[in-house]
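# Examining the three-dimensional arrangement
The chain contents come next:
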Amino acid sequence: MKKFLIIATTFALISPIIVIAMFIYNIPSTQEIVAYNLGMDVSEGEIITNYDEHGFHGDGVTCTILHFDKNNTLLQEIKKSKTWKSLPFDHTTITLLYGYKNENRQAGPYLTDDSDKPLVPKITEGYYTLIDRQPLSEQVKNQNIFTRGSYNLTLGIYDTKDDLLYYCTLDT
C-alpha cells in the first residue's frame, strides 16, 4: 500500500508539470502568428515592436512591427498577391489608422495605444491588406465596417521606404 501511495503522489505532482510544459511549447511565436494571419512567410523579419493590449475576453489592439532587409522575399510575395493593394490607403483604412474628421462627422482612429496615439506612423510608399475577420453573416448584413456593433480586423502594411511590416489587429 505504501508503494502505491508513493507512486500516486509522484504522478499527481509530476502530471501538472508535464501538462504545463506541453502547453508552453505549443504556444506559437509572434512571427508564426503574423505569418499565419497574413498568409505569408515573415521568417526573414526581425521584430522591432510587439504591442498587445488584448484583455481577458480577447478584446483589444495588437501592433507588431517587423524589419526586413532590402532584398527580402516578402516584398516579392506581396507584389504577387491579389489581396495586397498599393498605397494610398482607402477611406476605411485611413479611418482605422489615423481617424476621419469633417464638419459633420468624426471617427477613429481605432488602432491606437493606451494614450490614443496612432500605432502606425504616416506611410506614403508601400502596400496594405485589410482582412475582415467578422463572421460572414455579419459582413453581409453590415458591409460598412463602421456600422457594425463590433470590429474584428487584421491590417497588414508593408512600408517599402523603411522595409517595415506592420501587423495590426482590432478586436472588440
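For the structure itself, consult the block above.
Reading guide: rules and limits
Residues numbered from 1 in each chain as written. Predicted model: local features only at pLDDT ≥ 70, side-chain atom pairs only at ≥ 80, totals over all residues. Heavy atoms only, no water. Phe/Tyr/Trp six-rings, centres within 6.5 Å; stacked < 30°, edge-to-face > 60°. Helix = DSSP H or I, 4+ residues; strand = E, 2+ residues; numbered from the N terminus. Buried < 20%, exposed > 50% of the residue type's maximum accessible area, 1.4 Å probe, protein only. Lys NZ or Arg CZ within 6 Å of the ring centre and 35° of its normal. Patch = residues over 30% accessible without salt bridge, like charges linked within 9 Å, V, L, I, M, F, W, Y side chains within 5 Å. Areas by Shrake-Rupley, 256 points an atom, 1.4 Å probe, with all protein chains shown as cover. Salt bridge = Lys/Arg side-chain N within 4 Å of Asp/Glu carboxyl O. Lys, Arg positive; Asp, Glu negative; His and termini not counted. Charge placed at Lys NZ, Arg CZ, Asp CG, Glu CD. Pairing = 2+ DSSP bridges. Core = buried A, V, L, I, M, F, W, Y, C linked by side-chain atoms within 4.5 Å. Contact = heavy atoms within 4.5 Å. Polar contact = N/O pair within 3.5 Å; in protein donor to acceptor, adjacent residues only side chain to side chain.

A ring pair, where both rings are aromatic, is described by two values, the distance of the centres and the angle of the planes. Tallied over the entire structure, the rule returns four aromatic pairs. On the numbers, 6.1 Å between centres and 55° between planes, the contact of Phe68 with Tyr158 is tilted. Separated by 90 residues along the polypeptide, Phe68 in the loop between strand E2 (60–67) and helix H3 (73–80) and Tyr158 in strand E7 (residues 152–159) bring together distant segments of the chain. Residue Phe68 is classed as buried on the basis of its relative accessible area of 1%. With a relative accessible area of 0%, Tyr158 lands in the buried category. Summarising the aromatic geometry, the rings of Phe89 and Tyr98 are spaced 6.4 Å apart at their centres and angled 55° between planes, so their arrangement reads as tilted. In this structure, Phe89 and Tyr98 share a single accessibility class: buried. Lying across the ring of Tyr98, Lys122 places its NZ or CZ 4.0 Å from the centre.

A cluster of acidic side chains, namely Asp41, Glu44, Glu46 and Asp69, defines a negative patch on the protein surface. By relative accessible area, which is 44% here, Asp41 ends up partly exposed.

A few words now on the sheet that holds E7. Read from one edge of the open sheet, six strands run E1-E2-E8-E7-E6-E3, paired in antiparallel fashion. Edge positions in the sheet fall to strand E1 (46–52) and strand E3 (85–86), since each has one partner strand and no second. Looking at chain direction, strand E6 (residues 126–132) and E7 are connected through seven bridges and run antiparallel. Residue pairing for E7: Leu130 is matched across the bridge by Leu155.

This part covers the nonpolar core. Core analysis: the largest hydrophobic core is formed by 24 residues, its most contacted members being Cys63, Leu97, Leu111, Val120, Ile157 and Tyr166. Elements with a minimum of two residues in this core: E2, helix H4 (91–98), E7 and strand E8 (164–171). When residues of this core are assigned to their parent elements, the largest contribution, four residues, is made by E8. In this structure, Val120 is in contact with Cys63, Leu97, Tyr98, Ile157, Tyr166 and Cys168, ignoring residues within four places of it in sequence. Membership of the second largest hydrophobic core comes to 15 residues, among which are Val42, Ile78, Leu165 and Tyr167.

On to the environment of Glu44. By the secondary structure assignment, Glu44 is in the loop between helix H2 (30–38) and E1. You can call Glu44 partly exposed: its relative accessible area is 40%. Glu44 sits 24 residues away from Phe68 along the chain, and the two C-alpha atoms are 6.5 Å apart. Apart from residues lying up to four places away in sequence, Glu44 is in contact with His67, Phe68, Asn71, Asn72 and Thr73. Polar contacts involving the side chain of Glu44 include one to the side chain of Thr73, which spans 2.3 Å.

Attention now moves to the side chain of Asp163. Mapped onto the secondary structure, Asp163 falls in the loop between E7 and E8. The exposure class assigned to Asp163 is buried, which follows from its relative accessible area of 5%. Side-chain polar atoms of Asp163 contact the side chain of Tyr158, separated by 3.1 Å. Leave out the neighbours within four places in its chain, and Asp163 touches Leu66, His67, Phe68, Asp69, Lys70, Asn72 and Tyr158.

We now examine the environment of Ile47. By the element assignment, Ile47 lies in strand E1. Using a relative accessible area of 35% as the deciding quantity, one classes Ile47 as partly exposed. Distance from Ile47 to Leu165, taken between C-alpha atoms, is 9.4 Å for residues 118 residues apart in sequence. Aside from chain neighbours lying at most four places away, what touches Ile47 is Thr30, Gln31, Thr64, Ile65 and Leu66.

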